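Single-letter residue listing:
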Amino acid sequence: MSDSGIQYKRILLKLSGEALLGKKEFGIDQQVLHSIAEELREIHSLGVEVAIVIGGGNIFRGVAGERLGINRARADYMGMLATLINALALQDTLEKKGVPVRTMSALEIIEIAETYVREKALRHLEKGRMLILACGTGNPFFTTDTASTLRALELQAEILMKATKVDGIYERDPIQDPTAKKFEEITYDEVLQRNLKVMDATAFSLAKDNGLPILIFNILNYGNIKKAVLGEKIGTIVRL
Ligand code: GTP
């Protein structure tokens, strides 16, 4: 642990599009955007290197597109564009708070954002720039959870922090069973044995095979991102 008390030097934060919804049904809630950006500014000032994979579900989801009769691969590309919209909104908000930040896109859209190149991404992090990674893996049929795991491994993040709307992983659905116990820590094998839903199977097996720790925590509680980087016991951590 460093002088500033940080537990992790480099993290990958997965921010779902839904996290930006706030109380809205569609799009971006300005207050939520500012509050998340403020938390990010704080952890950046502690010296944590932060890469963020952002989702797009608040704007468009590939699966929903398929229900509209749109070809799944094409609908997934629409979803990737949605992540880019969120990325630009977050970049702008962070810049207004004085945080140096770069957006990199997995799809080549060079007028709007730099294209993701691992070595360049690493340089940005080393130079103290926050990194927002848009357009998932750049491939249809892969979720932003898979993109997060892949980028966390590529960029050698010590942990994947998955920001969600729940407090962590419970033994049973806490809405259906309020007595259900929350795990503070759980192994990959136990997640599989108990058939707990943490991430989709592709993302989860990639994390498991590479021993990447995953922290599941609630983004709606202000201060949780900072607590997470300080190593306070919030949410549930999945590891070997
Ligand atoms: P170094 O990484 O230290 O060389 O500095 P830098 O990143 O500031 O230099 P660079 O010339 O790469 O970038 C200058 C500005 O242009 C930054 O705001 C980048 O985000 C932006 N930029 C760089 N490459 C691209 C690109 O391909 N597309 C878009 N839209 N912006 C880019």
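Definitions and cut-offs
Residues numbered from 1 in each chain as written. Predicted model: local features only at pLDDT ≥ 70, side-chain atom pairs only at ≥ 80, totals over all residues. Heavy atoms only, no water. Near = heavy atom within 4 Å. Polar contact = N/O pair within 3.5 Å; in protein donor to acceptor, adjacent residues only side chain to side chain. Areas by Shrake-Rupley, 256 points an atom, 1.4 Å probe, with all protein chains shown as cover. Buried < 20%, exposed > 50% of the residue type's maximum accessible area, 1.4 Å probe, protein only. Helix = DSSP H or I, 4+ residues; strand = E, 2+ residues; numbered from the N terminus. Pairing = 2+ DSSP bridges. Contact = heavy atoms within 4.5 Å. 1 Å grid on protein atoms, 1.4 Å probe; cavity = no way out; pocket = protein on both sides within 12 Å on 5 of 7 lines; lining within 4 Å. Points joined across faces, edges and corners; volume = space filled by probe spheres on them. Nonpolar A, V, L, I, M, F, W, Y, C, P; charged D, E, K, R; others polar. Axes fitted to C-alpha atoms, helices over the stretch in contact; angles between N-to-C directions. Parallel < 35°, antiparallel > 145°, perpendicular 65-115°, else oblique. Left-handed = near helix turned anticlockwise from the far one by under 90°.

**Q** I keep staring at the site of the ligand and nothing clicks. Help me out?
**A** Residues in contact with the ligand, as listed here, are Arg-102, Ile-110, Glu-111, Ile-112, Ala-113, Glu-114, His-124, Lys-127 and Arg-129. Between an oxygen atom of the ligand and a side-chain N or O atom of Arg-102, the distance comes to 2.4 Å. One nitrogen or oxygen atom from the main chain of Ile-110 is found 2.5 Å from a nitrogen atom belonging to the ligand. Starting from 630 Å² of accessible surface for the ligand in isolation, the protein chains cover 46%.

**Q** Mind showing me how you'd approach the pairing of strand β8 (residues 214-218) here?
**A** The side chains of a regular strand alternate between the sheet's two faces. Within β8, 5 of the 5 residues are buried, which leaves it mostly tucked inside the rest of the structure. Here β8 shows no split at all, with Ile-214, Ile-216 and Asn-218 on one side and Leu-215 and Phe-217 on the other all buried. The pairing of strand β6 (residues 159-164) with β8 spans 5 bridges and is classified as parallel. Among the inter-strand pairings, Lys-162 is bridged to a residue of β8, identified as Ile-216. Bridge count between β8 and strand β9 (residues 236-239): 3 bridges; the pairing is antiparallel. Within the sheet, the bridge partner assigned to Ile-214 lies in β9 and is Val-238.

**Q** Whenever I open this one, the environment of Ser-105 confuses me. Can you help?
**A** By the secondary structure assignment, Ser-105 is in strand β3 (residues 101-105). The buried category is assigned to Ser-105, whose relative accessible area is 0%. Along the primary structure Ser-105 and Tyr-222 are separated by 117 residues, whereas in three dimensions their C-alpha atoms are 28 Å apart. Apart from the residues lying within four places of it in its own chain, the contact partners of Ser-105 are Ala-113, Glu-114, Thr-115, Tyr-116, Ala-134 and Cys-135. Polar side-chain contacts of Ser-105 include one of 2.5 Å to the backbone oxygen of Leu-107.

**Q** Explain the layout of surface pockets here, please?
**A** Empty space among the atoms can be located by rolling a probe the size of a water molecule over them. Its boundaries defined by the atoms lining it, the largest pocket holds a volume of some 1000 Å³. Looking at the lining of the largest pocket, the elements that each hand over two or more residues are α2 (62-67), α3 (72-96), α5 (144-154) and β6. Together, 14 residues line the second largest pocket, and Gly-231, Glu-232, Lys-233, Ile-237 and Arg-239 are the ones closest to its centre. With 3 residues, β9 is the largest single contributor of residues to the lining of the second largest pocket. Here the lining of the second largest pocket is built from residues that sort into 5 nonpolar, 4 polar and 5 charged.

**Q** Honestly, the packing of α5 against helix α7 (residues 201-209) in this entry has me stumped. Any pointers?
**A** Packed helices, taken two at a time, are described by the angle between their axes plus the distance between the axes. Interaxial distance between α5 and α7 falls to 8 Å at its minimum, and their mutual angle equals 20 degrees. The orientation of α5 with respect to α7, classified from their angle, is roughly parallel. α7 is crossed by α5, and the crossing has left-handed handedness. Residues Asp-145, Thr-146, Thr-149, Leu-150 and Leu-153 of α5 form the contact with α7, whose participating residues are Thr-202, Ala-203, Leu-206 and Ala-207.

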